[in-house]
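Coordinate inspection notes
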Amino acid sequence: MTIDELRGAPRAAAYREKMAREYPDPTTLTQWAASLATAGRTAEALEVMQRVPPLIHDNPPQLLAWILFQWGRIYELRAEMAAARSFFEAARARLPTVEATVHLAQAIAATGGDPRPLVTEALTAGRHPELLALAGELDEARRVWERYVAALPRAFAEHAARFYLGPGKDPARALALARLDLANRPTAEARALVVEAAIAAGDPATACRLAPPLAAGTEAQQFMAWRAFSACHRADEAAALAARLGIRTAIH
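Criteria and cut-off values
- Residues numbered from 1 in each chain as written.
- Predicted model: local features only at pLDDT ≥ 70, side-chain atom pairs only at ≥ 80, totals over all residues.
- Heavy atoms only, no water.
- Helix = DSSP H or I, 4+ residues; strand = E, 2+ residues; numbered from the N terminus.
- Rg over C-alpha atoms; globule rule 2.2 N^0.38 Å.
- Buried < 20%, exposed > 50% of the residue type's maximum accessible area, 1.4 Å probe, protein only.
- Contact = heavy atoms within 4.5 Å.
- Areas by Shrake-Rupley, 256 points an atom, 1.4 Å probe, with all protein chains shown as cover.
- Lys, Arg positive; Asp, Glu negative; His and termini not counted.
- Charge placed at Lys NZ, Arg CZ, Asp CG, Glu CD.
- Phe/Tyr/Trp six-rings, centres within 6.5 Å; stacked < 30°, edge-to-face > 60°.
- Disulfide = S-S within 2.5 Å.
- Salt bridge = Lys/Arg side-chain N within 4 Å of Asp/Glu carboxyl O.

A closer look at the overall build of the protein
- In terms of regular secondary structure, the protein is built from 16 helices and zero strands.
- In terms of C-alpha radius of gyration, the protein reaches 19 Å, essentially the compact-globule figure of 18 Å for 252 residues.
- Expressed along its principal axes, the backbone C-alpha trace of the protein runs to roughly 60 × 45 × 35 Å.
- The buried share of the protein, taken over its 252 residues, is 40%.
- Of the contacts formed within the protein by residues at least 6 apart in sequence, a portion of 41% connects residues at least 24 apart.
- Summed over all atoms, the accessible surface of the protein reaches about 13400 Å², with 55% contributed by carbon and sulfur.
- Both charge centroids of the protein, one from 29 positive and one from 28 negative side chains, sit 3 Å from each other.

If you want it as structure tokens, here you go:
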């Protein structure tokens, strides 16, 4: 991932497309597909991924695991968790990274399975905070996340914020970390995280101030904008998004 991609620069996506068209190989095509998926263009991303397998002429586990993981992420972004689970399983079978393990565990849970055996096995290799959280060891997960954030705040602010929004159950801490992430990585994804944290922390003013650009984003970002506008009683904007997203709202 480039610095431009981390900072949400449009030229990064254009560069990925240019490279994939001029030098199509498994890496450039997968990078382009991942860029499309991040922008909410998941159907196009899947079309690009169909061009990858015929171009794979060797099978180093690192390359295959990365391709399979990115493919799974596209399905995850589409909320097609059974398909995502299959790709994450295949990716982890080739290279059992923490990232693949975490996403696989979440996909197993989302499809009615029990991720505990997987998480327990993975913890024997390393006590990563995301694995600790999945195992229910929340106090230790909290300590490790704070240690990571203290050492490298820009690198870990986003993931730690998501932990505090979820099992860590500390919306105020999540909001502080999400703001730090947005300052370093001004993307729509980072903005949506701040909006979500602000709503959870009881700060609808902050959520509404940041929400308008999300109304033109992916469906997930539009949904977050709808939540923000609903929280701060901007009824017309909330109603417009509800209609676009097919959300039924109560009529008072």
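More follows now that the structure is in view.
Observations concerning the packing of aromatic side chains
- As enumerated under the stated definition, the model contains eight aromatic pairs in all.
- Pairing F163 with Y164 gives two aromatic rings, centres 5.0 Å apart and planes at 65 degrees, and the pair type is edge-to-face. A single burial state applies to F163 and to Y164, both of which are buried.
- Through successive ring pairs, a cluster of aromatic residues spans W71, Y75 and F87.

Considerations on the state of the cysteines
- Applying the stated criterion to the full structure yields one disulfide.
- With a sulfur-sulfur separation of 1.6 Å, C208 is cross-linked through a disulfide to C232. One quick way to see it: the torsion about the S-S bond of C208 and C232 is about -70 degrees, and its sign makes the bridge left-handed. Pair noted here: C208 is in helix α14 (residues 204-210) and C232 is in the loop between α15 (219-231) and α16 (235-245), with a separation of 24 residues, a long-range link.
- Judged by relative accessible area, which is 22%, C232 ranks as partly exposed.

Observations concerning the pattern of salt bridges
- Within the structure shown, the criterion is met by 18 salt bridges.
- Residues R73 and E76 are paired through a salt bridge, measuring 2.4 Å at the closest nitrogen-oxygen approach. Of this pair, R73 and E76 both sit in helix α5 (residues 61-77), separated by three residues, roughly a single helical turn.
- Across the pair E189 and R162 runs a salt bridge, and its minimum N-O distance is 3.8 Å. Taken together, the residues span a long stretch of sequence, with E189 in helix α13 (residues 188-200) and R162 in helix α11 (residues 153-165) at a distance of 27 residues.

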